[in-house]
Each structure stands twice: as C-alpha cells, then as structure tokens.
Amino acid sequence: AFVRYNLEGTYSLVCIEGEWTLPEGVEVHGLCGEGEWLYYLTTASGGMAIERVCPTDGWRREVVRKASHTSLSDLRVQDGVLYFGSIASGYDEVHALNVATGKEHRLTTSRYGSFDGAPSPDGSRIALAVYDAEGYHLAVGDVESDCEEVAWAEVPQNVVNPPRYKW
C-alpha cells in the first residue's frame, strides 16, 4: 500500500484492493498495515489523529486515536500495538497504543527526545534514536510492563516554553 497526493489537493490510499480518497482537508502522514487494516496518521483542522481503514470491507474507516493538537510521527504496527512518536509529555517520546484496549503508554523518557521507535519481533525491546547534546544516537532498551499510561489531551504539556505573563 502507499499514499498518493492528488493534484486537486486530496490524499488517497492505494493497495491491491483499489484506491480510496480521504475527505478534502485531511492530510496523511505515515502508513503501515497489519492484517486487513491500514493505519495512518492524519492532520486536519482538529489536529493530528491515528485512523485505520479496511480495504476488504468497503474501505471502512475508524478513528483509533482521536485528533488533538499534539504532533505524532513515525507510525508502526506490530501484534495489534501501534508505535509512534508523540509530544504529549512536552518532549518527543516514543509511545505505544494497544488497538484492542485503546490504552496509550509512553515508552521513553529522555532529556531531549526519542524518535522512530521500532519494536523487536517479540515486542519486549525497542530500538530508537535518542537525541542529546551531542546529536542523535541509536539505542535499544527493554519495554517495561509498567510504562506510564497517557491520557488523551487536547494539547501537549507545556514544559519547554517559558512562562507567559499577562500584560
């Protein structure tokens, strides 16, 4: 499967089963698939979301993570778990969302950010890029069973910007 940008300003998902055009004003960022589902990140007026579509069931579309003004990136899927980058905590970190339960967990906590998480075949470890004062580094770590659960929020935590004062 792949994403096609159409010159009239829309995006389509294309696969063996055919082509499906998303509504006008919805951009696609990233695509992965597992089983009968194609998962993708969207950007629209309400923010970024994670959605999925089933090409073999009439292109049935479902929202997996509702839209918020939180940047999402680097989407992957393995064994019913979506792995992606999120700034929900105020920093770029690797998150995991169990599609069946809808629960999202932050897998990393880093000083400057972690990116592009890729799970091991059994899901017990994760490879990622960590950013620090010396640049990007490859890292591999265990996925802990007690990772922090992340509740949906309209905007990410503001931990980077200085306090703003009323005039």
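Look above for the structure.
Thresholds, definitions, all that
- Note on numbering: residues in each chain are counted from 1, in written sequence order.
- Reporting of local features is limited, given that this is a predicted model, to residues whose pLDDT is at least 70; pairs of side-chain atoms are given and counted only at 80 or more, and all residues count toward the totals for whole chains, interfaces and linings.
- Calculated side-chain values reflect all of the structure's heavy atoms, with hydrogen atoms and water omitted.
- By definition, any uninterrupted DSSP run of H or I lasting at least four residues is a helix, any uninterrupted run of E lasting at least two residues is a strand, and each is numbered from the N terminus.
- For this measure, only C-alpha atoms enter the radius of gyration; the expected value for a globule follows 2.2 Å times N^0.38, where N is the number of residues.
- Exposure classes here rest on a 1.4 Å probe applied to the protein chains alone. A residue is buried below 20% of its type maximum, exposed above 50%, and partly exposed in between.
- A contact between two residues is defined here by any heavy atoms of the two lying within 4.5 Å.
- Here the accessible surface of atoms and residues is derived via Shrake-Rupley with a 1.4 Å probe, and residues count as covered only by protein chains that are part of the display.
- In this tally Asp and Glu are treated as negative and Lys and Arg as positive; neither His nor the chain ends contributes.
- All charge positions are set by atom: Lys at NZ, Arg at CZ, Asp at CG, Glu at CD.
- Two strands are said to pair when DSSP picks up at least two bridges between them.
- Between the N-to-C directions of two axes lies an angle of 0 to 180 degrees, each axis being a line fitted to C-alpha atoms and, for a helix, fitted only over the stretch in contact.

Participant: Run through the overall build of the protein, naming residues and quoting values.
Facilitator: On a plain count of helices and strands, the protein comes out with zero helices and 15 strands. Relative to the 2.2 N^0.38 estimate, which gives 15 Å for 167 residues, the radius of gyration of the protein is 17 Å and therefore close to what a compact globule would have. Along the three orthogonal principal directions, the C-alpha set of the protein runs to about 50 × 45 × 30 Å. Residue burial in the protein is summarised as follows: out of 167 residues, 40% are buried. Looking at the protein alone, contacts between residues at least 24 apart form 30% of all its contacts between residues at least 6 apart. Roughly 9800 Å² of accessible area belongs to the protein as shown, and the carbon and sulfur atoms make up 51% of that amount. If you average the places of the 13 positive and of the 25 negative side-chain charges in the protein, the two averages end up 7 Å apart.

Participant: Please give an account of the pairing of strand β2 (residues 11-15) that cites residues and values.
Facilitator: Along β2, five of the five residues are buried, which leaves the element largely enclosed by surrounding structure. The two faces of β2 match: Y11, L13 and C15 on one face and S12 and V14 on the other face are all buried. As defined by bridge partners, strand β1 (residues 2-5) adjoins β2 across four bridges and the pair is classed as antiparallel. Paired with F2 across the two strands is V14, which belongs to β2. Where β1 folds back on β2, the antiparallel hairpin that results is connected by five residues, among which G9 adopts a positive phi of roughly 100°. Inspection of the sheet shows β2 paired to strand β3 (residues 18-21) by four bridges, in the antiparallel sense. Pairing of V14 across the sheet is with E19, part of β3. In this antiparallel pair of consecutive strands, β2 and β3, the connection spans two residues.

Participant: Residue-level account of the sheet that holds β1, with values.
Facilitator: The pairing of strands in a sheet happens through backbone hydrogen bonds and is either parallel or antiparallel. Read from one edge of the open sheet, three strands run β1-β2-β3, paired in antiparallel fashion. The sheet is open, and its two edges are formed by β1 and β3, each paired on a single side. The sheet shows a mean angle of 30° between the axes of neighbouring strands, taken without regard to direction.

Participant: Requested: an account of the sheet that holds strand β4 (residues 27-34), with residues and values cited.
Facilitator: Reading across the sheet, the four strands line up as β4-β5-β6-β7 and stay open at both edges, with antiparallel pairing between neighbours. Edge positions in the sheet fall to β4 and β7 (60-68), since each of these pairs with one other strand and no more. Each strand of the sheet is rotated relative to its neighbour by a mean of 20°, with strand direction disregarded. Relative to β7, strand β6 (residues 47-54) is paired through six bridges, and the arrangement is antiparallel. Looking across to β7, one finds that R52 is bridged to E62.

Participant: Describe in detail unusual backbone geometry, supporting the description with residues and values.
Facilitator: The phi angle at D74 is positive, at roughly 55°, despite the residue not being glycine. Structurally, D74 is set in strand β8 (residues 72-78). You will see that D79, though not glycine, has its phi angle at about 50°, which is positive. With relative accessibility at 58%, the residue D79 sits in the exposed group.

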